[in-house]
Amino acid sequence: MIYIAILTVAMLIAGVGAYFFRDLIAAVVACAAVSLIASVLFYLLQAPDVAMAEAAIGAGLTTAIFVIAIRKTGRYEK
Amino acid sequence: MRAFVSFSVLALIVVGLALSLSHIPFGNSTANTDRMHVAKYYLNNGVKDTGAPNLVTAVVLDYRALDTLGEVTVLFIASLGLGIFLSWPKKEGSEDDDKRGLPPASLIVRRGSQFLFPLILLFGGYIFLHGHLTPGGGFQGGSVIASAFLLMFLGNTGYRLRQKTLAVTESLAGITFVIIGLIGLGVGGYFLNNFLPKGSVFALFSAGVIPILYAAIGLKVGAELAGIVANMFGSGSEG
């Protein structure tokens, strides 16, 4: 239970960080952290199916696609 | 003023939703109207009906297999849209970024990614072939396979993926799904009927058509997501 609380707080911090970071790469990494913690939480809540999908797509592929898109456009939010 | 109006509308909606949800007896079996009827049916009869001990798979590929076909189609359309969008002719002088090129990664990164690539592919295949027994399935296995291709793209500059191979894999997998559904329609009377023998529970070759369908979905999702990654890297070779 205490783990779930700690993870949830960390997830909230990462989510707020993703909103406030001006450096888009940092924002994307914060989004990946949200996905990763969500995946762990899904596992703790006994939904391993969803946890696997979240880890592979949310934390892996989406992050890579965002980073490539940022590299092809601009790194800093204006 | 405008912010106040929108805030009060939002608060009204939230309070209304909360009040109406509080009257639905989720999970309350003693209530007069049992909202968990379908879920209980799946829990009690799922293994017997489908032969798949993983009840998520039993729902996704037996009771609600048609919805899964829709999901796969949605992913296909998303991949197609991204492909069309990224294959638009570029403006003059705007392709410096791709031409600039990156220095090749170090030997350790290159060899490491090449060593891990088949292992990750194997793991993805394991996930979707055991989808009816253990957690996971076609979507999860497919995304793990796509992440193997992503690793190759990241670790090896100039890595290319043949778009035609991806397209053929994806089309064959999709056609397999629909053909199995049509055979079920012919044999058992409804689309995606589980017409093969169920076998013994917990065996790899059991649960009828479910492993075949999950293999098809895994290959299709893997090919689609790998195609998206290849398109984003802009290095999918034509033909």
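Heads up: the structure comes first, above all this text.
No experiment lies behind these values; they were computed from the predicted model shown.

1. Quick notes on the overall build of chain A
Phase 1: Assigned secondary structure in chain A consists of three helices and zero strands.
Phase 2: Each helix and strand of chain A, ordered N terminal to C terminal, gives the series α-α-α.
Phase 3: Based on the C-alpha atoms only, the size of chain A along its principal axes is roughly 40 × 25 × 10 Å.
Phase 4: Looking at chain A as a whole, 26% of its 78 residues qualify as buried.
Phase 5: Once local pairs closer than 6 in sequence are excluded, the contacts in chain A between residues at least 24 apart make up 49%.

2. Description of the interface of chain B and chain A
Quoted interface sizes are often the accessible area lost when the parts come together.
Phase 1: Counting from both sides, the interface comprises 17 residues of chain B and, opposite them, 13 residues of chain A.
Phase 2: Counting residues per element, the ones that place at least two in the side of chain B that touches chain A are helix H7 (138–155) and helix H9 (210–233) of chain B.
Phase 3: Looking at the side of chain B that touches chain A element by element, the count peaks at seven residues for H7 of chain B.
Phase 4: Counted by class, the side of chain B that touches chain A contains eleven nonpolar, five polar and one charged residues.

3. Details of the environment of threonine 169 of chain B
Residue and element names in this part refer to chain B.
Phase 1: Locating threonine 169 in the fold gives a position in helix H8 (residues 163–188).
Phase 2: Judged by local crowding, threonine 169 falls into the partly exposed class, with 17 C-beta atoms found within 10 Å.
Phase 3: The spatial distance from the C-alpha of threonine 169 to the C-alpha of alanine 18 is 47 Å, given a sequence separation of 151 residues.
Phase 4: Contact partners of threonine 169, with chain neighbours within four places excluded, come to Leu219 and Ala223.

4. Side note on the environment of phenylalanine 128 of chain B
Residues and elements named next belong to chain B.
Phase 1: Within the fold, phenylalanine 128 resides in helix H6 (residues 107–129).
Phase 2: Overall, the presence of 27 C-beta atoms within 10 Å leaves phenylalanine 128 in the buried class.
Phase 3: Along the sequence, phenylalanine 128 and isoleucine 212 sit 84 residues apart, while their C-alpha atoms lie 9.6 Å from each other.
Phase 4: Residues in contact with phenylalanine 128, not counting those within four places in the same chain, are Gly137, Gly138, Gly141, Gly142, Tyr214, Ala215 and Gly218.

5. Some points on helix H4 (residues 65–86) of chain B
Residues and elements named next belong to chain B.
Phase 1: Between the first and last C-alpha of H4 there are 32 Å, a value that for 22 residues agrees with the 32 Å anticipated at 1.5 Å per step.
Phase 2: Turning to H4, its buried residues number three or more, namely Ala65, Thr68, Val72 and Ser79. Each buried residue of H4 sits inside an arc of 55 degrees when the element is viewed along its axis, so together they form one side. Opposite the buried face of H4, by more than 90 degrees, sit the exposed residues Leu66, Asp67, Gly70, Thr73, Val74, Ile77, Leu80, Gly81, Ile84 and Phe85.
Phase 3: Where H4 is buried, its residues meet helix H3 (55–63), H8 and H9.

6. Concerning H9 of chain B
Residue and element names in this part refer to chain B.
Phase 1: Between its first and last C-alpha atoms H9 spans 34 Å; for 24 residues at 1.5 Å apiece the expected length is 34 Å, and the two agree.
Phase 2: Among the 24 residues that make up H9, 22 are buried, leaving the element largely enclosed by the rest of the structure.
Phase 3: With its phi angle positive at about 70 degrees, glycine 234 sits one or two positions after the end of H9.

7. A closer look at unusual backbone geometry
Phase 1: Even without glycine at this site, glutamine 46 of chain A takes up a positive phi of about 65 degrees.
Phase 2: Within the secondary structure, glutamine 46 of chain A is located in the loop between helix H2 (24–44) and helix H3 (48–72).

Criteria and thresholds
Residues numbered from 1 in each chain as written. Chains lettered and ligands numbered in written order. Predicted model: local features only at pLDDT ≥ 70, side-chain atom pairs only at ≥ 80, totals over all residues. Helix = DSSP H or I, 4+ residues; strand = E, 2+ residues; numbered from the N terminus. Buried ≥ 20, exposed ≤ 12 C-beta atoms within 10 Å, placed from the backbone. Contact = placed C-beta atoms within 7 Å. Nonpolar A, V, L, I, M, F, W, Y, C, P; charged D, E, K, R; others polar. Expected span 1.5 Å × (residues − 1). Arc of directions from axis to C-beta.

Interpretation note: all reported values are geometric properties and have no functional meaning in isolation.
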